[in-house]
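Below are the chains, spelled out letter by letter.
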Amino acid sequence: ITTTGLGFGDPAAAATAHVVSLAEGIADTTALELAGAVVVGACGADQIKHLIGLVGDPKGRVFILCPQNDEGGKAKNPSRKVFGELAEVLQQRGAIVRSFQTPKAWKDPAAWLQDTGIEAFRAAWAKVAQVPKAVPAPVQPAGEASKTERPAKKKLSGVERPEALDEGAIAIVAGFQGF
């Protein structure tokens, strides 16, 4: 039996949704679904790499990676390590990658939800999942320099972070080093 291609959540929706969350485990997948996410969860850290096969073409889509704060085996944090590798693959395929980082007080998104309640958890997730609405560019007379300012945005190794995000709720780190 192989677990390649198996996951918790809604793979059919994840194959076409513009914003997709990727998690580890059924409890974290359920927590993110309760927050309103389209999510697919792996059956353990060793299966995270297979999530790429469940999400369709990632080009131009937003992927929110939801690692756990776990310790295991020789790896300091196997979930973060494997999600970091997945982030690289998604970026190489043209995806926008964000991280929904569980604060250190909790071991994973499910524990965070359980301790803080659905409203606080949903609000934290929504800040990461926000997708700016397309705003038509103002028409400018020919030859006039553009005076239109775009919303501030930082870009770190292909990982996008809108300025409005709450630093306490998420961490976006270049190359996902030190998740």
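Computed from a predicted structure; not experimentally measured.

**A look at helix H2 (residues 26-34)**
- Those residues of H2 that fall on the buried side of the exposure criterion are Asp-28, Thr-29, Ala-31 and Leu-32. Here the buried residues of H2 occupy an arc of 160° about the axis, which is enough to place them on one side.
- For H2, the secondary structure elements touched by its buried residues are strand E1 (8-9), strand E2 (19-24), strand E3 (39-42), strand E4 (62-66), helix H4 (109-116) and helix H5 (118-129).

**Looking at the pattern of salt bridges**
- Tallied over the full model, the rule gives three salt bridges.
- For Glu-85, the salt bridge identified is with Lys-81, shortest N-O distance 2.8 Å. With Glu-85 and Lys-81 both in helix H3 (residues 78-92) and four residues apart, the pair spans about one turn of that helix.
- Residue classification places Lys-81 among the partly exposed positions, given a relative accessible area of 49%.
- Put simply, Arg-122 and Glu-119 hold a salt bridge, and the shortest N to O gap is 3.2 Å. Residue Arg-122 and its partner Glu-119 are located together in helix H5, separated by three residues, close to a single helical turn.
- Arg-122 gets classed as partly exposed once you look at its relative accessible area, which sits at 31%.

The rules behind the values
- All chains use their own residue numbering, which begins from 1 and follows the written sequence.
- Reporting of local features is limited, given that this is a predicted model, to residues whose pLDDT is at least 70; pairs of side-chain atoms are given and counted only at 80 or more, and all residues count toward the totals for whole chains, interfaces and linings.
- Derived side-chain values reflect all non-hydrogen atoms in the structure, with water molecules and hydrogen atoms excluded from consideration.
- With a 1.4 Å probe rolled over the protein chains alone, any residue whose accessible area is under 20% of its type maximum counts as buried; one over 50% counts as exposed, and the rest are partly exposed.
- In this text, helices come from DSSP runs of H or I with a minimum length of four residues, and strands from runs of E with a minimum of two, each type numbered from the N-terminal end.
- Comment: arc refers to directions from the helix axis out to C-beta atoms.
- It only takes one pair of heavy atoms within 4.5 Å for two residues to be counted as in contact.
- Every case where a carboxyl oxygen of Asp or Glu lies within 4 Å of a side-chain nitrogen of Lys or Arg is listed as a salt bridge.

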